Structure formats: structure tokens, C-alpha cells
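# What the coordinates show
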Amino acid sequence: MKKNSEWWKKSVVYQIYPRSFNDSNGDGIGDIQGIIKKLDYLKMLGIDVIWLSPVYDSPNDDNGYDIRDYQKIMREFGTMADFDQMLEEVHKREMKIIMDLVVNHTSDEHQWFVESKKSKDNPYRDYYFWRKEPNNWGSVFSGSAWEYDEGTEEYFLHLFSKKQPDLNWETPALRQDVYQMMKYWLDKGIDGFRMDVINMISKNPDLPDGELEEGQQFGDGGKYYMNGPRIHEFLQEMNKEVLSHYPIMTVGEMPGATTDDAKLYTDPERNEVNMIFTFEHMDLDSAPGGKWNLKPLDLRDLKDNLTKWQMGLHNKGWNSLYWNNHDQPRVVSRFGNDQNYRVESAKMLATCLHFMQGTPYIYQGEEIGMTNVKYESLDDYRDIETLNMYKERKGLGYSHEEIMNSIYVKGRDNARTPMQWDDTDHGGFTKGTPWIKVNPRYNEINVNNALEDSNSIFYYYQRLIALRKKMDIIVEGNFELLEKEHPALFAYKRKWQDEELLVLCNFSQEEVVIENEELLRKIRDYQVVISNYESSNKSTLKPYEAIVLKK
Ligand code: NOJ
């Protein structure tokens, strides 16, 4: 049996959302053969690992995060033979592939649930949570987290859509079935898992009511289902039974996890997961009441937060680094400037993230600076979270304009529009009609254009990835925040042995004049490692300028 090594500390991961990546057969839906066609593109970018969002058989209530059969490929995406071919082609190019593991819930069409629903004494009944009386928890996708089943006259729990019933990890047989399924994929040769909302698998078995805020219809049960009572035990069991037997990487998606939780989850001595996705930095531009309540980002909050994670996990666990994924708006529109400084700000944001300690994740299209989208009509939106929220807020009396504005800023479909390959119809994503409309900016923002322009965001990412491979300080060094109170400058220092790196990022469209004498002296003496402007005057940063210097 091979022992886990730490290859993932030096890796850069690229996330593919298969539905929107590349359609090879003209049905308007991305597929596995489409991915195979683009592997050379990913290799050219320099990435090491592909994280594949779910490709399993699914009725697609939540685009594959509702799995009907864990060991079958979604028909629209291809066959198991296509999958095996993709795995081989990925490995041939010396890249790796990690799969999404969605085991907090299944689809209501999964065989386990079909059985569970049949009767109260069905052997699968306890694979899910059934109650005579529901508690007051709300679902992440609006409404109650409970659905009534007429057949057996009980309610079942679904923290997400009602087609995503939550699995009950208290049931030992369920855990064993999950482990068997994980082994099936690992034995095929995949290189790890991204684990969907994995810190929600242990619920307080009493399922107590959550706090009810004034004016709210449903309670927030988060503290009873996030980082629950047996979560570490379950992860350690999974590690012992499955993960530890393979040389793989694991990343747990963990909403509501703090740095203290993260230390427990990622401390190598504890044998749980290698790293987690935190949500804290993604919540800084939300007002109380959740993500749809908009608030401008204060850069000082972002600096404080990322510093806390950088320092908190140094030598104790491991960070994942990300700005984007299929659930988040596009970062260049969110924290950058997608109008006058799209290229500069996309490169600046990449610089700021890629010089930190941790494993960086790039979401498809980020490497060409893809932007948020504003469809006029709600009919052009597809995401269940967005559509449910619209209905709920309409009922609560919000205006159409107000709701649409939240969708423009935070909706998940911002990330899910088709990948923009070229300036032909639908951005070259499909020869048919895409399942969701392409972003109208595809004429300007596309892979073809990026590859033809040596100054493009693409080639900048390529350089960032190459630098990480060359400079151990990026992987190993410690982190110190500089100019903590500055409202527009994100500056930090990395140190390792006798090496030092300075990273200076201007998060605004105004010039930033550096006044700190010590910093100025270093800026003058140090050598430029990378910068997003051709020339830099060093003591005054241009709009969205980023510059990295080394001693
Ligand atoms: C997190 C996934 O990233 C998201 O896309 C999904 O809707 C929920 N988990 C439920 O699986």
C-alpha cells in the first residue's frame, strides 16, 4: 500500500464545470469528449490537477449535485468508456484528476432513497432523516428543509433542494456503502476527491430548532449541522478505511468552518483531509441575512481575513486558495474592474492569490478574465438557488429590480455561462443551442484571443504557475501582512530561509503612493519577479497594479 505523499502542496488545480466547458456533440451541453479535446490547452496553462464537478448520473435538479447513481456517468456527458479514456488521456499528459464526492445527500431518484421511501421498516429507511414533525430549519435553496411524504406520512430532511434528501451518517451501513463507492473510483485510478459540503454530514441527532430571527419564517440550523458532533470521527473513519490507502489529495468544502476548525480538519497528524475550502472571504461582501443582501467589500476585511488563514494554518495544516468556483460570481467583476481595467485587475487578483501559501484553484474561464453576466429576463437563468430565491423574495415584497440586481452581483449562473473559446456563435462552446446563454462579451473575451496576445491574462497565469514550480518560497514561506490599515493596497511579505518576497497589489482604480520608508527602500533594492504593467515606477502603483519583488 502506498503512503500519502504531499505532492498536492506544489500543485495548481483547475476546476472544470463539465456542463459549461466544451460540447463535442452539438446537444448544447458540455461533455467528456469535449474535455478530452481541451486537455492540451490545460497542459499548456501548466496546471497539475483537474477537479471535475460531478459527472455522475443525475436528474440535474442541481446540475449533477443531485446524484442518482454514483457509479454511472451522466448520459449527456457520455459513457464510462469516455470517462476511462479521459482519465488515461489526463494521466498521459502527467496531470491528475480529482472527482467531486457528494455524500451529504443524494438525488431523491437514487435507489437508496427510492427504497427508503417505501416503508418505515425498509432496510434503507435510516439512510435518510425521517421525522413525524419537522423542525424549523430552512433550506439553503429557500423554503423549509423538510418535505412531506404522503406514502409513509413522515417528513424527510433536505438542506438543499427537495430533490436532494440528506443522508444519515449515523447509519453504519450507509457509511460502508459510501466507502465502497469511493474505492470503486480510486481503484480506477483517480487522484482524489473534492468533498461537497462535507462538514455537514454529522448532524446533531436531536435536530433541534434553529434560531429564528425576527421576520424570518425559518430557523438557521447551521450550528446543528455544520461541524457537527461526530464530524471528525466520520472523517477519520473514512480516512482509515479508504483515503489512507491511496496516494491522493482531498479537499473538503466546508461552509462555516473557522481557522480553528480548519486546523483540526487539515493537521496531517489527525488523518482527516488535506485542505478545506473556507467561505469566510466569500462572505465579506454580504450584509446580514445572507449572500443576496449586498454590501461593498472593504479591502481591510479581506486582508484581515486572508491573513488570519495564512498565519493560522502555517505549519499546522494547509490552505486552499481560490477566488472563483461554480457557486461564486466572477472575481474580476466582484473584486476587480471588468470595464476599464479588466486585464489589469484580473492579473492583479491572480498575483495576490497565487503568491500566498496553499494550493491555488483556477476556475474555468478565470484564466482569460471571464466576467459576470446580466440577462434581462429571469427566463435566461437556470440555477435552482437563484430561481427559488426570486420566488421567495417576490413573495416577501422585494421589487423585481432589487432581486435582479442581487442576481447580477451574486448569482451562481455568473460562473456557469459557457466557456468562451472563440468568437464564433456561442463562443465556440457548442454547434447547437447552449443550455444557458453565452456571455455576450465572448467576441472580445475568448481563449483564441488570449492565446494570440502575449500580454494576455492567460499567459500571466501561465507565468504565475511556472513561478510556483521554480520558487520554493511560494510553497514554504511564512506570511506577514504589511500596511494593514491601507484601504486600497494589499501588501504582504513572504519569508523562507534567507529569501524574501514582497507582494504589492493595488485594489483600486486610483494610484497608490507608497509612503512607508522601509518599504520604499526595499522596493528600490529588490528585483522584480513579475508585474502586470510593462514598466513600474515602484513607489507609485498604477490602477490595479501588482508587483512582486524579491530580495
Ligand atoms: C455545494 C456545491 O458546490 C453546490 O454547487 C451545490 O449546490 C451544493 N453543495 C449542494 O450539493
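The rules behind the values
Residues numbered from 1 in each chain as written. Predicted model: local features only at pLDDT ≥ 70, side-chain atom pairs only at ≥ 80, totals over all residues. Heavy atoms only, no water. Helix = DSSP H or I, 4+ residues; strand = E, 2+ residues; numbered from the N terminus. Buried < 20%, exposed > 50% of the residue type's maximum accessible area, 1.4 Å probe, protein only. Contact = heavy atoms within 4.5 Å. Areas by Shrake-Rupley, 256 points an atom, 1.4 Å probe, with all protein chains shown as cover. Lys, Arg positive; Asp, Glu negative; His and termini not counted. Charge placed at Lys NZ, Arg CZ, Asp CG, Glu CD. Pairing = 2+ DSSP bridges. Phe/Tyr/Trp six-rings, centres within 6.5 Å; stacked < 30°, edge-to-face > 60°. Lys NZ or Arg CZ within 6 Å of the ring centre and 35° of its normal. Domains from an automatic or database assignment. Buried area = accessible area lost by both parts, 1.4 Å probe. Polar contact = N/O pair within 3.5 Å; in protein donor to acceptor, adjacent residues only side chain to side chain. Near = heavy atom within 4 Å. Nonpolar A, V, L, I, M, F, W, Y, C, P; charged D, E, K, R; others polar. Axes fitted to C-alpha atoms, helices over the stretch in contact; angles between N-to-C directions. Left-handed = near helix turned anticlockwise from the far one by under 90°.

Another aspect to go through is the overall build of the chain. For the chain, the count of helices and strands is 18 helices and 20 strands. With respect to the three principal axes, the spread of C-alpha positions in the chain is 75 × 55 × 50 Å. Looking at the 551 residues of the chain, the share that counts as buried comes to 61%. Long-range pairs, those at least 24 residues apart, make up 70% of the contacts in the chain between residues at least 6 apart in sequence. Split by element, the accessible area of the chain, about 21,900 Å² in all, is 45% carbon and sulfur. If the 68 positive side-chain charges of the chain are averaged to one point and the 92 negative ones to another, these points end up 4 Å apart.

Let us look at the sheet that holds strand S1 (residues 13–16). If you trace the 8 strands from one edge of the open sheet to the other, you get S11-S10-S9-S5-S2-S1-S13-S12, paired in parallel fashion. Across the chains shown, the open sheet's two edge strands, defined by having one partner strand only, are strand S11 (275–277) and strand S12 (320–321). For S1 and strand S13 (residues 359–363), the ladder comprises 3 bridges, and the chain directions are parallel. Bridging from a neighbouring strand, Gln-15 pairs with Tyr-363 of S13.

Our focus in this paragraph is the packing of aromatic side chains. Applying the stated criterion across every chain, the model contains 32 aromatic pairs. Summarising the aromatic geometry, the rings of Trp-51 and Tyr-361 are spaced 6.3 Å apart at their centres and angled 80 degrees between planes, so their arrangement reads as edge-to-face. Placement of the pair is Trp-51 in strand S2 (residues 49–52) and Tyr-361 in strand S13, with a sequence separation of 310 residues. Pair check on accessibility: Trp-51 and Tyr-361 agree, each one buried. A ring pair is formed by Tyr-56 and Trp-185, whose centres lie 5.5 Å apart and whose planes are at 75 degrees; its orientation type is edge-to-face. One end of the pair, Tyr-56, is in strand S3 (residues 56–57); the other, Trp-185, is in helix H5 (residues 172–188), with 129 residues separating them in the sequence. Both residues of the pair, Tyr-56 and Trp-185, belong to the buried class. Sitting over the ring of Trp-130, Arg-125 keeps its end group 3.8 Å from the ring centre. Residue placement shows Lys-291 over the ring face of Trp-292; its charged tip is 4.7 Å from the ring centre.

Quick look at the domain arrangement of the chain now. Its domain assignment divides the chain into domain 1 (10–105 + 172–465), domain 2 (106–168) and domain 3 (478–550). The distance between the C-alpha centroids of domain 1 and domain 3 comes to 30 Å. At the junction of the two partners, domain 1 supplies 28 residues and domain 3 supplies 30 residues. Summed over both sides, the interface of domain 1 with domain 3 buries roughly 2,500 Å², with 67% coming from carbon and sulfur. Of all residues in domain 1, Lys-303, Met-348 and Phe-355 give up the largest surface area on contact with domain 3, accounting jointly for 27% of the area buried on that side.

Read across the sheet, 3 strands follow the order S6-S8-S7 without closing on themselves; strand pairing throughout is antiparallel. Looking at which strands have only one partner, the edges of the open sheet turn out to be strand S6 (130–131) and strand S7 (146–149). Here S7 runs beside strand S8 (residues 154–157); their pairing, made up of 4 bridges, is antiparallel. For Tyr-148, the partnering residue across the bridge sits in S8 and is Tyr-155.

To continue, consider the environment of Lys-303. Inspection of the secondary structure puts Lys-303 in helix H9 (residues 299–313). For the pair Lys-303 and Gln-111, spaced 192 residues apart in sequence, the C-alpha to C-alpha distance is 46 Å. Not counting chain neighbours up to four residues away, the residues in contact with Lys-303 comprise Leu-481, Glu-483, Lys-484, Glu-485, His-486, Leu-489 and Phe-490. Within the structure, the side chain of Lys-303 is placed 3.4 Å from the backbone oxygen of Lys-484, a separation counted as a polar contact.

Further remarks concern the environment of Lys-120. Checked against the element boundaries, Lys-120 lands in the loop between helix H4 (111–116) and S6. For Lys-120, a relative accessible area of 45% gives the class partly exposed. On a C-alpha basis, the gap between Lys-120 and Glu-154 in space is 9.1 Å, while along the polypeptide they are 34 residues apart. Setting aside its immediate chain neighbours within four residues, Lys-120 contacts Arg-125, Thr-152 and Glu-154.

With respect to spatial proximity, 13 residues lie near the ligand, and among them Asp-62, His-105, Asp-196, His-326 and Asp-327 are the closest. Asp-62 is positioned with one of its side-chain polar atoms (N or O) 2.5 Å from an oxygen atom of the ligand. One of the side-chain N or O atoms of His-326 is found 2.8 Å from an oxygen atom in the ligand. When the free accessible area of the ligand is taken as 290 Å², the share hidden by the protein chains comes to 97%. When its residues are assigned to classes, the shell around the ligand shows 4 nonpolar, 2 polar and 7 charged.

One can describe the packing of helix H8 (residues 259–266) onto H9 by two numbers: an axis separation of 10 Å at closest approach and a directional angle of 35 degrees. The handedness of the crossing between H8 and H9 comes out as right-handed. Facing H8, whose interface residues are Thr-259, Ala-262, Lys-263 and Thr-266, H9 presents Lys-308, Trp-309, Gly-312 and Leu-313. For the contact of H8 with H9, the class distribution of residues is 3 nonpolar, 3 polar and 2 charged.

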